[in-house]
Amino acid sequence: MEFLLLGLGNVFTITNLFFLLLGTIIGIVMGALPGVGPALTIALLLPFTFGMPPEVTLILLGSAFSGSVFGGSIVAILLNTPGTAGNAATTFDGHELAKQGKAGQALGLAAASSAIGGIISILVLSFFAPPLARMSVHFGPAEQFMLGLLGLSVVALAADNNFIKGWISAGMGLLVSMIGLDLISGQERFTFGITYLTDGISFIPTMVGLFAISQVIILALSGGTISSGGNVKGGFLKGAVTALKYRITLLRSSIIGVLFGTVPALGVYAASFFAYLTEKRASKEPDKFGKGAPQGVVAPEAANNAVVGGSLVPTLALGIPGSSTAAVLLGGLMIAGIAPGYRLFTEQADMVGTFFVAMLIAQLAFFILGGLLARPLSKIVVIPNELLVPGIMLLGVAGAFTMRNSMADVIVCLIFGVVGYLFIKTKYPIVCFILGFILGPIIEKGFQRAILMSDGSYSIFVTRPGSLVLFLLVVVMFIIGTTNLLRSQRKNKNTTLDM
Amino acid sequence: MISKILNINGQLIFSFILLFLVISMVLMTGNYVGGAKLFPQIVGVAVGFLIVVDITRQILISRKMKKTTTNEAETKTINIKLIIILCALPIYYFLIKFLGYLLASAVVVLVVPFLLGMRNIKLVLITSTIIWLLVYLLFSVLLNVPFPKGVFG
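Fair warning: this is a prediction, and the values are worked out from it, not measured in the lab. (Residues numbered from 1 in each chain as written. Chains lettered and ligands numbered in written order. Predicted model: local features only at pLDDT ≥ 70, side-chain atom pairs only at ≥ 80, totals over all residues. Heavy atoms only, no water.)

Caption draft 1: The interface of chain A and chain B, seen in detail. In this complex, chain A contributes 60 residues to the contact, which on the side of chain B involves 60 residues. Taken over both partners, the interface formed by chain A and chain B buries close to 5,200 Å², and the fraction arising from carbon and sulfur atoms is 83%. Of all residues in chain A, F190, L387 and L394 of chain A give up the largest surface area on contact with chain B, accounting jointly for 13% of the area buried on that side. Broken down by secondary-structure element, the contributors of at least two residues to the side of chain A that touches chain B are α2 (14–32), α9 (163–177), β2 (188–189), α10 (203–222), α18 (385–404), α19 (407–425) and α20 (430–453) of chain A. The element that contributes the greatest number of residues to the side of chain A that touches chain B is α18 of chain A, accounting for 13 residues. Of the residues belonging to the side of chain A that touches chain B, the class tally is 43 nonpolar, 9 polar and 8 charged. (Contact = heavy atoms within 4.5 Å. Buried area = accessible area lost by both parts, 1.4 Å probe. Helix = DSSP H or I, 4+ residues; strand = E, 2+ residues; numbered from the N terminus. Nonpolar A, V, L, I, M, F, W, Y, C, P; charged D, E, K, R; others polar.)

Caption draft 2: Focus on the packing of aromatic side chains. If you walk through the whole model with that rule in mind, you get 27 aromatic pairs over all chains. For the ring pair Y428 of chain A and F14 of chain B, a centre distance of 5.7 Å and an interplane angle of 65° mean the geometry is edge-to-face. Of this pair, Y428 of chain A sits in the loop between α19 and α20 while F14 of chain B sits in helix α1 (residues 2–28), which puts the two residues in different chains. With a relative accessible area of 1%, Y428 of chain A lands in the buried category. Three or more aromatic residues joined by ring pairs form one cluster here, namely F203, F416, F423, Y428, F433 and F437 of chain A together with F14 of chain B. When the ring centre of Y428 of chain A is taken as origin, the NZ or CZ atom of K165 of chain A, which lies over that ring, is 4.8 Å away. (Phe/Tyr/Trp six-rings, centres within 6.5 Å; stacked < 30°, edge-to-face > 60°. Buried < 20%, exposed > 50% of the residue type's maximum accessible area, 1.4 Å probe, protein only. Lys NZ or Arg CZ within 6 Å of the ring centre and 35° of its normal.)

Caption draft 3: Main features of the packing of helix α12 (residues 247–262) of chain A against helix α13 (residues 268–282) of chain A. Residue and element names in this part refer to chain A. The N-to-C vectors of α12 and α13 enclose an angle of 145°; their axes lie 9 Å apart at closest approach. Crossing handedness for the pair α12 and α13: right-handed. For the pair α12 and α13, the contacting residues are T249, R252, S253, I256, G257 and F260 in the first and A270, A271, F274, A275, T278, E279 and A282 in the second. Residues belonging to the contact of α12 with α13 are distributed by class as follows: 7 nonpolar, 4 polar and 2 charged. (Axes fitted to C-alpha atoms, helices over the stretch in contact; angles between N-to-C directions. Left-handed = near helix turned anticlockwise from the far one by under 90°.)

Caption draft 4: Just the pattern of salt bridges, in detail. In this structure the tally under the stated criterion is 8 salt bridges over all chains. Of the charged contacts in the structure, one is a salt bridge between R404 of chain A and D409 of chain A, with a shortest N-O distance of 3.0 Å. Taking the shortest distance from any N to any O, the salt bridge between D54 of chain B and R57 of chain B comes out at 2.8 Å. One end of the pair is D54 of chain B and the other is R57 of chain B, both in helix α2 (residues 35–68) and 3 residues apart, which spans about a single turn. Judged by its relative accessible area of 0%, D54 of chain B is buried. Several salt bridges share partner residues, and in doing so they unite D182, R189 and E444 of chain A into one network. (Salt bridge = Lys/Arg side-chain N within 4 Å of Asp/Glu carboxyl O.)

Caption draft 5: Quick look at unusual backbone geometry. All names here are of chain A. In this model, F192 sits at a positive phi of 55°, which is unusual for a non-glycine residue. Structurally, F192 can be placed in the loop between β2 and α10. With phi around 65°, K427 is a residue other than glycine that occupies positive phi space. Following the sequence through the fold, K427 ends up in the loop between α19 and α20.

Caption draft 6: Region of interest: a nonpolar patch on the surface. Residues and elements named next belong to chain A. Together, V462, L468, F471, L472, V475 and I479 make up an exposed nonpolar region whose accessible area comes to about 460 Å². In terms of residues, the nonpolar patch owes the most to one element, helix α22 (residues 465–498), which gives 5 residues. Here L472 shows up in helix α22. (Patch = residues over 30% accessible without salt bridge, like charges linked within 9 Å, V, L, I, M, F, W, Y side chains within 5 Å. Areas by Shrake-Rupley, 256 points an atom, 1.4 Å probe, with all protein chains shown as cover.)

Caption draft 7: Here's a closer look at the side chain of N87 of chain A. All names here are of chain A. Tracing the chain through its elements places N87 in the loop between α4 (54–79) and α5 (90–99). Taking the relative accessible area as the measure of exposure, N87 reaches 0% and is therefore buried. In this structure the side chain of N87 is engaged in a polar contact, spanning 3.3 Å, whose partner is the backbone oxygen of V69. At 3.0 Å, the side chain of N87 and the side chain of E301 are in polar contact. (Polar contact = N/O pair within 3.5 Å; in protein donor to acceptor, adjacent residues only side chain to side chain.)

The following block contains the structure:
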């Protein structure tokens, strides 16, 4: 607690507040650009921090990190194009709200949820970092495998009534994720001798293709404007107040975000999808998800910003980056003089406090900035689709290219754009494909490494306490998922007969 | 009803393409050894089985529907906009290779709205310029992304 008070004193100077605002603005703008994302944002800012006082460096990087995660939700809601991978799940209901003329409200939901998710995660980081970090160390390959399976158990829910198509989609995602070098043996799989494919199919171009380019095709065909009513109803504040009504959703999703962030390699996209689908499972009206349900924005946005704090737990307490962004940030923190480790919170309390307080205030800063930008940005949804289509094409292609400066990534993006459109037209749920694609490496790598560790014995999955608990959870989730599905199918049949 | 039948046929074709892809992938795993082939084989066989079930289901549904629509004349309409946009995507890629990203993007933002039916030249010019400038300033100037420069680079 003391280090937070020390940090408060450091942050509240005119210069530091200016850099906090600057970092937040840069973060929002960069986050809103598809393909850029928080890791690249921080990497681009690092050279500017050389020669800056350490506290200014921390404030700039911390605020940019938080701002960039929120920035991604703006384009996800308005253009169905996730700015960062963590915002992909936001498109399902956020963009639906924009289509209904409630873009401002959706932005309010996203900003408030992001801010609350971020605040919760930083408070958790402040008070529970060392014990959480110790827990994450015990999280081995067997637990990662089980957690991956747990993620897959929500496919039935994500698929709505398209149970078979949902699993086909997820299976295709898993198969696509296996393209490239085998994670353990190093054998090339499904590469057809193409060098580019040995690295596997890159996540960002795939996402941009599945969401942005498929959206380009849909908008070109539909004509008119994104907002069906042609006008923009509902304000930012209304959305923010609505988000506050979903207290349980906010808390549950934030906890998911923190936990997923704490475990290295699980990633922000897995957290936001898992939070979205958990919320759908918990909802009394799951049918409203995907049609503009507020919880469909609240859950992924709270989770993706909560990952920020979660990923910093092993980063700061152990020096093990919880994500690629945390790895880049760790570099910046070390340049600023912060040495990660258990004693960080006592020996460098003022520096850590400055960083945490900067991140806390950044949540408020992007919320306020989001409010100021919401009205003008919402007008995008009333621009004729004929004009938006080339705009999204330019942004999407630039985003796919920017990640690795590779034209091959552009090809992947365009191919997955068409694939995404075909999936939508033929009613194969894209969300299931993405789940498979995200969880594939986690499941396979976890399984292979666990088997190596146990000298080929499968008992490792039930003899480790963490793995056993997760295994039982997986079984329960699969049973509940299948029972719910059968029940809803029976209900649908009865309704049809009654008609 | 006709559109429904066409949709089901479209779905069938897509399902067969997926089945072909999955079978090819499963056959390819024969060359892999050890753990590298275990997962692709398990997933491939499971997905292949599900696709076959889905195809059977679709065929049964389409037969039922065809019985009820035998007297209706079936007409297929080709969506011009779909063809335009599906052609625009690869053309854009090759234009980037040839003209460079910035020049190709300028062509795309100006031409695509016209092809999609927008006739307000003033509006197209204004929005195209704004979009192009925004992408140029953010990606090229601010982020210094080394976009392809094409033959004029």
